[in-house]
Amino acid sequence: MTTTTLKLIALVLMLIDHIGEFIPGMPAFFRILGRASAPVFLFCTVWGFHYTHSRKVYLTRMYLCSALMGILDMMLNLSVSQPVTPCYNNIFSTLLLVCLFIWLWEKGDRPWKKALWVLAYLALNVGSLLLANLVVAPSLYEYLPQEVYAACQTAVYGVLPNAVTCEGSYLVVVMGLVLFFCKGSRTKLCWGYGLYCVLYLGLLVYLGLAVPSSLSGGSWVDFLFRDAIQWLQILALPLMLLYNGQRGRNLKYLFYVFYPLHISFLFYFGYLLSV
């Protein structure tokens, strides 16, 4: 499969996932199928960043999308009194952070230089997080309604993205880095991404044991296939293994346009159904 084909498959899976997120009463398997979407997008982004003609333009475009999506999330959440599902979706911030790491990592031609760039990357994330929390200071929580404060946070975190507050948090950023370091080898991809998913499952099991309330009074099957389904991102591996190294048709702007449009539509449609 080309990256274009993989992106279109991921686009459909993402749509199914967000239907399950925003539309009340949807079957649980909608969210399960959607677990494969983000890993495939990350996989395609890693390859797209590898082949792009201008990495600075790529990073700039991704940052602008992150900032604008954060503002859109804020506007959506404030546009209705009680949204069925508040909108915190901003995959652009996560993709940006993965690409930024790759860019800095490959700038170092020696191990000690790579180490310095990794430290710089961590410093940027810490600085961005501190600045974001400064802009939306916890003290403002006393003066703003809870939903307004949360909406403002969403916008600020889009403008000042970091690996703590991005969509999926640092765990998804780490996933992107695993895909980067396993790039070009199906064997490495199987072992690297497979191990990541196993460790993720282990983390969920640990949480289920350490925090009994996580089970919500249900069984482990309910917990793993309803409450903690993120480990099912392993479903993306077969799709990644079908990649043939070709780009396919140039539809790069389709995702940038489709992502905010379909989220806005589903957000309002789900709200109207609940009224």
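Please read all numbers here as calculations on a predicted model, not as lab measurements.

Reading guide: rules and limits
Residues numbered from 1 in each chain as written. Predicted model: local features only at pLDDT ≥ 70, side-chain atom pairs only at ≥ 80, totals over all residues. Heavy atoms only, no water. Patch = residues over 30% accessible without salt bridge, like charges linked within 9 Å, V, L, I, M, F, W, Y side chains within 5 Å. Areas by Shrake-Rupley, 256 points an atom, 1.4 Å probe, with all protein chains shown as cover. Salt bridge = Lys/Arg side-chain N within 4 Å of Asp/Glu carboxyl O. Helix = DSSP H or I, 4+ residues; strand = E, 2+ residues; numbered from the N terminus. Buried < 20%, exposed > 50% of the residue type's maximum accessible area, 1.4 Å probe, protein only. Lys, Arg positive; Asp, Glu negative; His and termini not counted. Polar contact = N/O pair within 3.5 Å; in protein donor to acceptor, adjacent residues only side chain to side chain. Contact = heavy atoms within 4.5 Å. Axes fitted to C-alpha atoms, helices over the stretch in contact; angles between N-to-C directions. Parallel < 35°, antiparallel > 145°, perpendicular 65-115°, else oblique. Nonpolar A, V, L, I, M, F, W, Y, C, P; charged D, E, K, R; others polar. Core = buried A, V, L, I, M, F, W, Y, C linked by side-chain atoms within 4.5 Å.

**What to know about a nonpolar patch on the surface**
A contiguous nonpolar patch, built from Y63, L64, L68, I71, M75 and V159 and spanning about 530 Å² of accessible area, is present on the exposed surface. Considering each element in turn, the nonpolar patch owes the most residues, five residues, to helix α4 (residues 55-79). By the secondary structure assignment, M75 is in helix α4.

**Re the side chain of R61**
You can see R61 is positioned in helix α4. There is no salt bridge for the buried R61, and the closest opposite charge comes from E106, which lies 15 Å off by N-O distance. A distance of 3.3 Å separates the side chain of R61 from the side chain of Y256, its partner in a polar contact. Not counting residues within four places of it along the chain, the set of residues in contact with R61 comprises K252, Y253 and Y256.

**A word on the packing of α4 against helix α7 (residues 146-159)**
Between α4 and α7, whose axes approach to 6 Å, the crossing angle comes to 170°. Relative to α7, α4 is oriented roughly antiparallel. On α7, the residues that touch Y63, S66, A67, G70, I71, D73, M74, N77 and L78 of α4 are E147, V148, A151, C152, T154, A155, G158 and V159. Considered class by class, the residues forming the contact of α4 with α7 number ten nonpolar, five polar and two charged.

**Here we look at unusual backbone geometry**
In the Ramachandran plot, S169 falls in the positive-phi region, its phi being about 60° despite a non-glycine side chain. Among the secondary structure elements, S169 is positioned in helix α8 (residues 169-181).

**Side note on the nonpolar core**
Grouped together as the largest cluster of nonpolar side chains are 71 residues, with contacts concentrated most on F43, F92, L179, L189, Y193, F255 and Y259. Per-element accounting of this core gives the leading share, eleven residues, to helix α5 (residues 91-107). When sequence neighbours within four positions are dropped, the list of residues in contact with F43 reads L6, L179, L189, M240 and Y243. Residues V136, Y149, V156 and L160 belong to the second largest nonpolar core, which totals six residues.

**Some points on the pattern of salt bridges**
Across all of its chains, the model carries four salt bridges by this definition. For the salt bridge of D17 with R31, the shortest nitrogen-to-oxygen distance reads 2.6 Å. With D17 in helix α1 (residues 3-22) and R31 in helix α2 (residues 29-34), the pair connects residues that are 14 residues apart, well separated along the chain. On the basis of relative accessibility, which here comes to 8%, the residue D17 falls in the buried class. Exposure remark for R31: the relative accessible area of 26% places this residue in the partly exposed category. Among the ionic pairs, E106 bridges to R55, the shortest N-O distance being 2.7 Å. One end of the pair, E106, is in helix α5; the other, R55, is in helix α4, and 51 residues separate them in sequence.

So, to be careful, I would describe these as geometric facts and stop short of saying anything about function.
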